[in-house]
Amino acid sequence: MAHFDLEAAERAALWQYLTRELEQYYANTSTLPAAPALDKTGAAAMAEKYSFDQPAPPREAVAHVIEGLSRYAVHTPHPGYYGLFNPRPTFPGILADTLVAAFNPQMAAWSHNPFANEVESYLIREFGQRFGYPENSIDGVFASGGTEANLTAVLCALNRHFPDYANVGLQGLGKQPVLYCSAEAHHSIIRSARVAGLGLKAVRAIPVDDSQRLNARLLSTQIESDLQQGLSPFLIAATAGATGVGAIDPLPDIAAIALKHNLWLHVDAAYGGAAILYPEMKPLLAGIERSHSITFDAHKWLSVPMGAGMFITREKDILSQSFRITADYMPKEASTMAVTDPFTHSIQWSRRFIGLKLYLSLLFFGWEGYAQTVRHQTQMGRLLKKLLRDNGWKLYNDTELPIACFMDPAFEQDEHYAQRLCEKVLQSGRAWISVYRIGKVNTLRACITNYATEEKDVRELLGLLEEARSR
Ligand SMILES: *Cc1c(COP(=O)(O)O)cnc(C)c1O
């Protein structure tokens, strides 16, 4: 029989080896190439190096995985990674995921893990209050990420607007439900509509203004016209920190429209929600407190390992109304207590203790530590934008968040120019940036997504860009 535990001495040696290797990676991430050349053959050969017919020696197996992860990966924890909100994970976040793997809490039923469940509800309440929801009406769940949280929002909004939806389904509604988001909204909103069975035709992607924010006037007109046609608007999904450009939709105007038409207002603040933790940035999110629900990803600006989404709502009974199913086999020890079993509250059933990496990071650094980090990254973003302008680059987005979409204005018409520069920067091994299209222009996109990115790193990126454009 295979003994999955191994012997104590072998475990101790493996722990020691692993922590040494991880510390080596964590301490020296910046010496690795930020983005190695893509090599499908090499990566596949590495993955398939061992057959499972013979067990590999444990230490060799672990070394093999470390090599694969080191050689064939974009190193998102690298200070030169200016990417798509993937953070360098906090150290307590890494410890937390290790703890979770070992204790393996099953979060479906409250009674299996009262402490872990209470930690997650505490965090949901704390963040809900910071976003301005009334203390006593906050509810929510941790999710795999923003995509699951946005799908949760669509389902809650459907259940609120069409109380029969859970029983009769879409067919029984008799009317075509319609939801609204901006043209810059994350595609998980569209995916949610598809997954929920609403179809693409239920989504109205409202054009944006010159600052890439949802145009509230056009939103209003579109809703009126849909109502006139006998359709059934039920949800506005606003964005606070669009994935491409960082735009924050005009939340107060949108909240007024939602109220007027009695629509559910969801704010997708997967990335930008972190602004709530830094007083100087907080006013950017004004109006978010008037929403019915919020998506916020701790695995983005709060820098915990993936994935840690949050769905927070101020409609206390909606999750239950949307997801509650009683199952005879589930534990009932706590049935007389005033507690919530997460499985009655969310898409997931068996659940990982997602919240611990956020809890432990907050225990280590407190709100103040996070405020300082948001401030630092904002400052690095300002520095990046200033250096770009000083060197004759043009900025195409308009946001206080540390995201720059830029191009050499002389080459605006050249479809492929941005891609060529981007490839040169990646080839240097010192940075990762991407290409993002705004209107008719392919721009370069760089986001300060790593709390450890310093002024010298930002200046190095500028140097790489200047060098790329001079060649
Ligand atoms: C990242 C992101 C999402 C998707 O979240 P995942 O955690 O990747 O599932 C949704 N909305 C916005 C605005 C995002 O930035």
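Residues numbered from 1 in each chain as written. Predicted model: local features only at pLDDT ≥ 70, side-chain atom pairs only at ≥ 80, totals over all residues. Heavy atoms only, no water.

Asker: What am I meant to see in the sheet that holds strand 2 (residues 177-182) here?
Answerer: Two pairing modes exist for strands in a sheet, parallel and antiparallel, and in both the strands are linked by backbone hydrogen bonds. Spatial ordering of the open sheet is given by 1-7-6-5-4-2-3, a layout of 7 strands whose pairing is mixed. The open sheet terminates on both sides in strands that have one partner only, identified here as strand 1 (139-143) and strand 3 (203-206). Sheet twist, expressed as the average angle between the axes of neighbouring strands with direction ignored, equals 20°. As defined by bridge partners, strand 2 adjoins strand 4 (residues 232-239) across 5 bridges and the pair is classed as parallel. (Pairing = 2+ DSSP bridges. Helix = DSSP H or I, 4+ residues; strand = E, 2+ residues; numbered from the N terminus. Axes fitted to C-alpha atoms, helices over the stretch in contact; angles between N-to-C directions.)

Asker: I keep staring at the pattern of salt bridges and nothing clicks. Help me out?
Answerer: Note that side chains of opposite charge can pair when their charged atoms are close. This model, assessed by the stated rule, comprises 22 salt bridges. We note a salt bridge from Asp209 to Arg213, for which the minimum N-O separation is 3.4 Å. For Asp209, a relative accessible area of 27% gives the class partly exposed. Under the relative-accessibility criterion, Arg213 is labelled partly exposed at 32%. For the salt bridge of Lys456 with Asp457, the shortest nitrogen-to-oxygen distance reads 3.6 Å. Here the salt bridges share partners, and the residues they tie into one network are Arg160, Arg314, Glu315 and Asp317. (Salt bridge = Lys/Arg side-chain N within 4 Å of Asp/Glu carboxyl O. Buried < 20%, exposed > 50% of the residue type's maximum accessible area, 1.4 Å probe, protein only.)

Asker: Even after reading the chapter, I still don't get the packing of helix 9 (residues 216-228) against helix 10 (residues 251-261), so can you show me in this structure?
Answerer: The relative placement of two packed helices is expressed as an angle between their axes plus a distance between the axes. In the contact formed by helix 9 and helix 10, the axes pass within 10 Å of each other and the chain directions differ by 15°. As far as their axial angle goes, helix 10 and helix 9 are roughly parallel. For the pair helix 9 and helix 10, the sense of crossing is right-handed. Of the residues in helix 10, those in contact with Ala216, Leu219, Ser220, Ile223, Glu224 and Leu227 of helix 9 are Asp253, Ile254, Ile257, Lys260 and His261. Here the contact of helix 9 with helix 10 is built from residues that sort into 6 nonpolar, 2 polar and 3 charged. (Parallel < 35°, antiparallel > 145°, perpendicular 65-115°, else oblique. Left-handed = near helix turned anticlockwise from the far one by under 90°. Contact = heavy atoms within 4.5 Å. Nonpolar A, V, L, I, M, F, W, Y, C, P; charged D, E, K, R; others polar.)

Asker: Would you mind showing me how to read the sheet that holds strand 8 (residues 394-395) here?
Answerer: Read across the sheet, 4 strands follow the order 8-9-11-10 without closing on themselves; strand pairing throughout is antiparallel. Both edges of this open sheet fall to strand 8 and strand 10 (434-438), since each of them pairs with a single strand only. One ladder, built from 4 bridges, connects strand 9 (residues 403-407) with strand 11 (residues 441-447); its direction is antiparallel. Residue pairing for strand 11: Cys405 is matched across the bridge by Arg445. On the sheet, helix 12 (residues 356-390) packs against strand 8, strand 9 and strand 11 and is oriented at approximately 15° with respect to strand 9.

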